[in-house]
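Geometric and topological summary
Now for the letters of each chain:
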Amino acid sequence: MPAKGKHRRPKFLRLPRSIAVLGTGGAALAMPLMGAVCAHAAAPAAAVPSAVQKITTVSVPGTAAEKTAAKTYVVKAGDTLAKIADRQHVSGGWKKLYADNRAVVGGDPTAIHPGLKLTIEGQGAAQPAASTATQASAAKAAAAGYTLPVEGATIGTGYKVPGSMWSSGYHTGVDFVVPTGTTIRSVAAGTVVSAGWGGAYGNQVVIQHADGRYSQYAHMSALSVAAGQTVTEGQQVGVSGATGNVTGPHLHFEIRTTPDYGSDMDPVAYLRSYGVVVG
Ligand SMILES: [Zn+2]
C-alpha cells in the first residue's frame, strides 16, 4: 500500500505540468482537480479498495482450495467403499464416496480393486463451517449474561434529560415505552434487594448483580419477585404499569452503583458494555 501511494503522488504532480502545455484553461481545470484529490486524501482512499481487492483475490482461491481439498485414496486388498468411507470419515458414507467416484468405480459399487484411485472430497469443508459456528457461539457467549428489561421497546425519555419534574433535576434512568401488562425481566442474574412500593417510583424492584451494580424497575402494576430472592437473567420481575408519579404507562429503568436513588449511571452504556444494544 505505501508503494502504491508513492506511485500515485508523482502521477498527480506531473499532471498539471503536462496539462500546462495545453494552455491556461487546461491548467486552471487541472489545478482544482488536484487540490480536491489531495484534500480528500484520495491516495489512501484509492489504496484501500485495491488492498481489499488484493486480499480478496489471494484469500478466495485459498479458501476454495481448502474447502474442496480432495485427497486421493488408493484402494487396498480387502477394502470396500463402506470401509473406506468409515475410516476416512466421509460425511455421507459409502454412497457419497461412490457418487463422487462413480466414473472410476463403474456401475457396481462392490467392484473395486486394489490400486484403484478414489477421490475423497470435502475433508476441509467441515473445518471452516465448524470455525464459523465457533465464532457465532463465542459471540453469543459474549452477549450472554445480560438481556433487555423489555423486548423491542423504544426509549421515550433518555438518561440525564434535564427537567424540573425530577427532584434531581434530571432523569435518573431511561423510560421504555410499553403498555401496561408488559413482562418486565431482570437484565441479569442477581439478588432482589427490594420489591415493593417506592413512592414516586410506584411498585418497584431493585436487583443487585454480580458486578456490584444494581438495576431498578419502576412503575410496575404488579411484582412477581420478593426481597432476598435470587433471579436469573431474563426472569420476570413483574409487569409494567403506571403506578407512582407518572403521566402514562412505561417502564422506568435505572442502573445504580448502590441500591439507592442518587447513585445512577447511564443504563444504556451499561447494557451496551455487556453486549446488549438498546433501541
Ligand atoms: Zn423515568
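Calculation criteria
- Residues numbered from 1 in each chain as written.
- Predicted model: local features only at pLDDT ≥ 70, side-chain atom pairs only at ≥ 80, totals over all residues.
- Helix = DSSP H or I, 4+ residues; strand = E, 2+ residues; numbered from the N terminus.
- Buried ≥ 20, exposed ≤ 12 C-beta atoms within 10 Å, placed from the backbone.
- Contact = placed C-beta atoms within 7 Å.
- Core = buried A, V, L, I, M, F, W, Y, C linked by C-beta atoms within 7 Å.
- Pairing = 2+ DSSP bridges.
- pLDDT = per-residue confidence, 0-100.

Tallying secondary structure elements over the chain gives eight helices and 12 strands in all. In the chain, which comprises 279 residues, the share counted as buried stands at 23%. Long-range contacts, defined as pairs at least 24 residues apart, comprise 59% of the intrachain contacts of the chain with a sequence gap of at least 6.

For the rest of this paragraph, the subject is the nonpolar core. Among the nonpolar cores identified, the biggest contains 21 residues, and Phe176, Val205, Ile207, Tyr217, Val237 and Leu251 are the most heavily contacted of them. Taken together, the elements giving at least two residues each to this core come down to strand S3 (174–176), strand S5 (190–197), strand S6 (203–209), strand S7 (214–220) and strand S11 (251–256). By residue number, the principal contributor to this core is S7, which donates four residues. If we skip the residues at most four places from it in the chain, Val237 touches Ile184, Arg185, Ser186, Val205, Tyr217, Leu223, Ser224, Val225 and Val231. Val75, Leu81, Ile84 and Ile112 belong to the second-largest nonpolar core, a separate cluster that totals 10 residues.

Summarising burial for S7: seven of the seven residues are buried, a large majority. Linkage of S6 to S7, two consecutive antiparallel strands, is achieved through a turn of four residues, within which Gly212 is found at a positive phi near 90°. Where S7 and S11 come together, five bridges link them in antiparallel fashion. Counted as the bridge partner of Ala218 is His252 from S11.

Turning to the sheet that holds strand S8 (residues 222–223), a few remarks are in order. Sheet strands pair via backbone hydrogen bonds, and the direction of the pair is either parallel or antiparallel. Strand order across the open sheet formed by three strands is S4-S10-S8, with antiparallel pairing between neighbours. Two strands bound the open sheet, and with one partner strand each, they are strand S4 (183–185) and S8. Alignment of S8 against strand S10 (residues 236–239), held across two bridges, turns out to be antiparallel. Bridging across to S10, Ala222 finds its partner in Val239.

For the rest of this paragraph, the subject is the environment of Ala195. Residue placement: Ala195 occurs in strand S5. For the pair Ala195 and Leu223, spaced 28 residues apart in the sequence, the C-alpha separation amounts to 7.3 Å. Residues contacting Ala195, with those up to four places away along its chain left out, are Val205, Leu223, Val225, Ala226 and Ala227.

A separate point is the confidence of the model for the chain. Considering every residue of the chain, the mean pLDDT works out to 74; 67% of them sit at 70 or more. In the predicted structure, residues 1–67 sits below a pLDDT of 50 and forms 30 contacts with residues beyond four places in sequence or in another chain. Segment residues 136–143: pLDDT under 50, and three contacts once partners within four positions in sequence are set aside and those in other chains are kept.

Let us now look at unusual backbone geometry. Backbone geometry at Lys160 places phi at a positive 65°, although glycine is not the residue there. Not every positive phi belongs to a glycine, and His219 is a case in point at roughly 70°. Mapped onto the elements, His219 comes out in strand S7. The class for His219 is buried, based on 27 C-beta atoms found within 10 Å.

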